[in-house]
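So you can see what is in the structure, the chains are spelled out below.
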Amino acid sequence: MQHTISQRFFFDAAHTLRREIEAEGSRRVHGHTYHAEVALTGACDPATGMVLDLGLLRQGLERVRAQLDHHMLDDVPGLGPPTLENLCVFIARALPDELRWRASRVRVWREALGDGCTLDLPASTQAP
Ligand SMILES: Nc1nc2c(c(=O)[nH]1)N=C([C@H](O)[C@H](O)COP(=O)(O)OP(=O)(O)OP(=O)(O)O)CN2
Ligand SMILES: [Zn+2]
């Protein structure tokens, strides 16, 4: 039996984005509030009744958040063009080892714009 637990966090960050359409506004430095959710899938430990203590997930996500919150995403090493897709991959790769191998899904979205992206990770996760 497999359970999936998840934790959300948000971060505020600036970026620019080179685009073929609506290019003018995207090219100027501007900011968004991003929301992210990381899901871990695994068997429940009968002794604890947990897949993993959510406190450990929260601690791990705080370390990931610190690399993005109030940063200029264009300058974040290893991110690439600051799209929702690349943010999903970055977050998956930035997870501490003890979380990354259990990660099953990463979602990043912008409430204000109603856009979002989901990255589904293979069961025996090695970072994408
Ligand atoms: N596949 C993707 N397409 C687009 C992404 C993305 O992450 N993946 N991102 C954008 C823009 O960043 C997003 O639409 C927001 O637009 P942006 O110019 O960055 O910010 P605005 O506040 O100006 O939003 P508007 O939609 O222009 O109002 C586009 N495509
Ligand atoms: Zn933008």
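Just so it is clear, the structure is predicted and the values come from calculations on it, not from any experiment.

Looking at the sheet that holds strand β4 (residues 115-120)
Then comes step 1: Spatially, β1-β2-β3-β4 is the arrangement adopted by the four strands of the open sheet, whose pairing is antiparallel. A single partner strand is all that each edge strand has here, and the edge strands are β1 (3-15) and β4. When strand polarity is set aside, the average angle formed by the axes of neighbouring strands in this sheet is 15 degrees.
Then comes step 2: Here strand β2 (residues 30-42) runs beside strand β3 (residues 103-110); their pairing, made up of six bridges, is antiparallel. Pairing of L40 across the sheet is with A103, part of β3.
Then comes step 3: Each of β1 and β2 touches helix α2 (residues 54-66); the most contacted strand, β1, lies at about 20 degrees to it.

A few points about the environment of E85
Then comes step 1: Tracing the sequence through the fold places E85 in helix α3 (residues 84-94).
Then comes step 2: Assessed through its relative accessible area of 48%, E85 is described here as partly exposed.
Then comes step 3: A C-alpha to C-alpha distance of 9.9 Å links E85 and V106, two positions 21 residues apart in sequence.

Parameters and conventions
Residues numbered from 1 in each chain as written. Chains lettered and ligands numbered in written order. Predicted model: local features only at pLDDT ≥ 70, side-chain atom pairs only at ≥ 80, totals over all residues. Heavy atoms only, no water. Pairing = 2+ DSSP bridges. Helix = DSSP H or I, 4+ residues; strand = E, 2+ residues; numbered from the N terminus. Axes fitted to C-alpha atoms, helices over the stretch in contact; angles between N-to-C directions. Contact = heavy atoms within 4.5 Å. Buried < 20%, exposed > 50% of the residue type's maximum accessible area, 1.4 Å probe, protein only.

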